[in-house]
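If you want the building blocks of each chain, they are given just below.
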Amino acid sequence: MKVLVVDDSRNDRKPIRFNFEWHGCQVLEASNGRQGLEIAASEKPDLIVSDCLMPIMDGFQFLHEIKKLTELRSIPFVFYSAVYTGSKEAELAFSLGASAFLEKPKSPDELWEEVGRVLAFEPVAEPPMQARGWPEQEFLKNYSQLVAGKLEEKVRELSDVNESLLRLNGELEQRVLDRTTQLEAANEELEMFSYSVSHDMRAPLRHIDGFSQVLAEEYAGNLNFTGREYLERIRKSSRRMLEMIDAILELSRCARGNLVKESVELSSLAREVAVELADAQPERKVAFNIVEGLTVRGDARLLRVVMENLISNAWKMTAQREDALIEFYDTRWDGSVAFAVRDNGVGFDAAYADKLFAPFQRVHSQEEYPGRGIGLAIVRRIINRHGGKIRAESEPGRGATFTFVL
Ligand SMILES: Nc1ncnc2c1ncn2[C@@H]1O[C@H](COP(=O)(O)OP(=O)(O)OP(=O)(O)O)[C@@H](O)[C@H]1O
Ligand SMILES: [Mg+2]
C-alpha cells in the first residue's frame, strides 16, 4: 500500500512514516497541501493521512482540491490533527468527503487500527455526490466560517491569557510594593533604634568623662602615680567612646532624610575641598589635578561629604611625600561613567580593600595617620543611597585609587 503523509511538522511525520513502513507500506511525505496535491497527482497513493493546519495550503483546502479531481477523489483521506479537533471541524471534514477525523496523538497501534477500520468500510463504488467535491462557493462559505470560528476562539483564548497576565502582573507589582514598604519600615526602625541608642549612651558617658575630669583635677593629690594613670586611661577610653558614638550618629544622619537630587558639579566640589585643605595646612605642598566639568545628578550636600572624605583621606595619606599628587577624573566601570580619586601616598595592602568601608576599620596607626575610621563607611552609605557603588585599589607604597559610580 502506498501512503501519502502530509504534515508541516517533520517531527510529526516521522512516527507516522515509521508506523506505516513497519506494516510494509510505502510512504511518501509532503509538508503542505500544495505539495501533497502534486505528489498525489503523480504517485496516486492508496491512502492520504493529512494534518489540518499547515502553511500555503491547509488540510481542508487540500481535501477540497483532491475531491475535484476524478482520478484522485476516491482515495481515502484521513485527517490526523491536534489543533482542529472540534465537532465543527469534523463536520466540515466529513462533508468534504473525509473518511475519518482522528485526534493527535495516537499510539502507533491505535493509528494503524483506526486506519484499518477506515479502509475496511471505504466504499469501493463511486463516492456520493457530496464527496465528489463541493461547488467552490459552498466550500469557501463553510471553510471561512470554520476559520473565522477558530480565529475567534484563539482571540478569546489570547485575551483570557492576556487578562490573567495583566492581573498577575498587577498582583506582583503590589507584592513588590508591599515588600519594599515593609523593608523600608524595618530599615527606618533599625536606623531609629541605633540612633536613639547611640544618642542615649552619650549622657552616661559624658558623666563618666565629666566626673573623672573632676577627679583628676581636684583629687589628684589623693591618688598615687598608678591611680592617676588608671584615671587617665578611663578618661581616654571614655573620650574615645564618645568619639565613636558621634561617628555612629554621623553615619546614621547621612542615611536619614530624603535625597534631594539636582545637577551637581563634582569637579567644583573637589576644588573647594582642595582649597580648604590647603588653607588649613599651608605648610604642605600638594599638587591637585582635577578634571573640569564632571557633573552628576545627586544630593549636593551628601556628595560634598563624599568628596570631603575621599580627598581628605588622600591628603592625609600623602603626608610623607614631598611630591604629593591628588587627582580627580572620570573613568568607566562596567560600562558606566565612573569617577575616581587617586593619590600617590602610602597606599594599603589590597587584602584590606573591602574592609575599609566598614565602620572603625583602619589600616594605619592612629599616631601616624589619625582618624576615627568612619569616613569611608559614610562615603559608601551615601553612594549606596544614590544607587551607586565604590571600590578601593592600592598597593603598599604606591598610592590608592577610590573609584565610584553614582
Ligand atoms: N587614600 C588612602 N590611602 C591609603 N589608605 C587609605 C586611604 N583612604 C583610606 N585609607 C585607609 O582606610 C582607613 C579608613 O578610612 P576612613 O576615611 O574610613 O577613616 P579615617 O580616615 O581613618 O577616619 P575618619 O573617620 O576621620 O575619616 C584609613 O584609616 C586608612 O587606613
Ligand atoms: Mg577618612
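Whatever comes next refers back to the structure up there.
The shown structure was predicted, so the numbers you read here are calculated from the model rather than taken from an experiment.

S.K.: Just to check I follow, could you spell out the packing of helix H2 (residues 33-43) against helix H3 (residues 59-68) for this structure?
M.R.: If you want to describe how two helices pack, look at the angle between their axes and the distance between the axes. Contact pair H2 / H3: the axes reach a minimum separation of 9 Å and the direction vectors enclose 30 degrees. Here H2 is positioned roughly parallel relative to H3, judged by the angle of their axes. The handedness of the crossing between H2 and H3 comes out as right-handed. Contacts between H2 and H3 pair Gly 33, Gly 36, Leu 37 and Ala 40 from the former with Gly 59, Gln 61, Phe 62, Glu 65 and Ile 66 from the latter. Residues that form the contact of H2 with H3 fall into these classes: 4 nonpolar, 4 polar and 1 charged.

S.K.: I keep staring at the nonpolar core and nothing clicks. Help me out?
M.R.: Generally speaking, a soluble globular protein has its nonpolar side chains buried in company with each other. Of all hydrophobic cores here, the largest spans 42 residues; its most connected members are Ala 270, Val 306, Met 307, Leu 310, Ile 311 and Val 379. Residue assignment for this core shows that the elements contributing at least two residues are helix H7 (225-255), helix H8 (266-280), helix H9 (300-317), strand S9 (324-333), strand S10 (336-343), helix H10 (375-385), strand S11 (389-394) and strand S12 (400-405). Examining the composition of this core, we find that 9 residues originate from one element, H9, more than from any other. Of the residues that make up this core, three or more belong to each of domain 2 (176-255) and domain 3 (261-405). Ignoring sequence-local partners within four residues, the contact set of Ile 311 consists of Ala 270, Val 273, Ala 274, Leu 277, Ile 326 and Val 341.

S.K.: So what exactly am I meant to see when it comes to the sheet that holds strand S4 (residues 77-81) here?
M.R.: Note: strands within a sheet are paired through backbone hydrogen bonds, in either parallel or antiparallel orientation. If you trace the 5 strands from one edge of the open sheet to the other, you get S2-S1-S3-S4-S5, paired in parallel fashion. Pairing within the sheet leaves two strands with one partner each, and these edge strands are strand S2 (26-30) and strand S5 (100-103). Each strand axis lies, on average, 20 degrees off the axis of its neighbour in the sheet, ignoring direction. Along the sheet, H3 contacts strand S1 (2-6), strand S3 (47-50) and S4; its crossing angle with S4, the most-contacted strand, is approximately 175 degrees.

Calculation notes
Residues numbered from 1 in each chain as written. Chains lettered and ligands numbered in written order. Predicted model: local features only at pLDDT ≥ 70, side-chain atom pairs only at ≥ 80, totals over all residues. Axes fitted to C-alpha atoms, helices over the stretch in contact; angles between N-to-C directions. Helix = DSSP H or I, 4+ residues; strand = E, 2+ residues; numbered from the N terminus. Parallel < 35°, antiparallel > 145°, perpendicular 65-115°, else oblique. Left-handed = near helix turned anticlockwise from the far one by under 90°. Contact = placed C-beta atoms within 7 Å. Nonpolar A, V, L, I, M, F, W, Y, C, P; charged D, E, K, R; others polar. Core = buried A, V, L, I, M, F, W, Y, C linked by C-beta atoms within 7 Å. Buried ≥ 20, exposed ≤ 12 C-beta atoms within 10 Å, placed from the backbone. Domains from an automatic or database assignment. Pairing = 2+ DSSP bridges.

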